[in-house]
Amino acid sequence: SLLSPNGTTIYLIDAAGTVRAFPTEGHINPPHWNATFTHQGATVWDSQFKLTHDANVERVLGLDIVERDNGVTRTIAIDTEQLIEDLAADHDLSGLPPVDNPSPSNPSYHDWQAANRDEAAFYLENKRYRALTGSLTYIATVGRPDIAHAAAMVCRHNHNPGPKAFAAAKRVVAYLLATKNNKLT
């Protein structure tokens, strides 16, 4: 979305790529990009862009959405269990022994590089190292912030991964498998 410089129109691009213009009718106070709405402006905006929750959302972008309502509070949890299991299966890592921490203790990151191009090519092509680290980054971003640092460390070697980098990525997967029932609520 884009607010016109004088604050009179908001331009949005819909899913088909069509630009649509919506007059703000003076209900946004320019020049603030984080637009302050008056009560009337919020009502106009709400009528144009009403978000509804007509049905239970069960799965979005590979994530399971679990809703719990105990009559007092409603909890929504982002469940990455199926995503983790699919990642492990896709990379033939389902049988890894559990670990209690996603990062190795006292890692020496400079030793994680491949000794030569052939070794790096082996991990890049045969082990699909970049696909593995990309999946770990996605999981860390959307539902498991506890692996964010470990995922970032293995991604640092996407250009030249060696056996230690691959072992570290496998360790993150082993940790995820051991803690796959953890959910972000």
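Details of the structure are given in the entry above.
One structure accompanies this document, and this report is about it. (Residues numbered from 1 in each chain as written. Predicted model: local features only at pLDDT ≥ 70, side-chain atom pairs only at ≥ 80, totals over all residues. Heavy atoms only, no water.)

### Here we look at the overall build of the protein
A count of helical and extended segments in the protein gives six helices and six strands. Residues classed as buried in the protein amount to 31% of the 185 residues present. Taking all contacts inside the protein whose residues are at least 6 apart in sequence as the whole, residues at least 24 apart take part in 59%. Counting every atom, the protein has about 11600 Å² of accessible surface; 52% of that belongs to carbon and sulfur. (Helix = DSSP H or I, 4+ residues; strand = E, 2+ residues; numbered from the N terminus. Buried < 20%, exposed > 50% of the residue type's maximum accessible area, 1.4 Å probe, protein only. Contact = heavy atoms within 4.5 Å. Areas by Shrake-Rupley, 256 points an atom, 1.4 Å probe, with all protein chains shown as cover.)

### Considering the packing of helix α2 (residues 81-90) against helix α6 (residues 163-178)
In the contact formed by α2 and α6, the axes pass within 10 Å of each other and the chain directions differ by 140°. Compared by their axis directions, α2 and α6 come out oblique. Our pair here, α2 against α6, has a crossing hand that is left-handed. Here Ile84, Leu87 and Ala88 of α2 lie close against α6, whose contacting residues are Val173, Leu176 and Leu177. Across the contact of α2 with α6, the residue classes tally to six nonpolar, no polar and no charged. (Axes fitted to C-alpha atoms, helices over the stretch in contact; angles between N-to-C directions. Parallel < 35°, antiparallel > 145°, perpendicular 65-115°, else oblique. Left-handed = near helix turned anticlockwise from the far one by under 90°. Nonpolar A, V, L, I, M, F, W, Y, C, P; charged D, E, K, R; others polar.)

### A closer look at the nonpolar core
Judged by nonpolar contacts, the single largest core of 26 residues is most densely connected at Leu132, Leu136, Ile139, Ile147, Val154, Val173 and Leu176. For this core, the secondary structure elements donating two or more residues are α2, α4 (129-142), α5 (148-155) and α6. (Core = buried A, V, L, I, M, F, W, Y, C linked by side-chain atoms within 4.5 Å.)

### Examining the environment of Arg144
As for its position among the elements, Arg144 is in the loop between α4 and α5. Owing to a relative accessible area of 2%, Arg144 belongs among the buried residues under this scheme. Sequence separation between Arg144 and Asp79 is 65 residues, and the spatial gap between their C-alpha atoms is 9.2 Å. If near-sequence neighbours (up to four positions away) are discounted, Arg144 is found in contact with Thr80, Ile84, Ile139, Tyr175, Leu176, Thr179, Lys180 and Asn182. Separated by 2.6 Å, the side chains of Arg144 and Thr179 make a polar contact. (Polar contact = N/O pair within 3.5 Å; in protein donor to acceptor, adjacent residues only side chain to side chain.)

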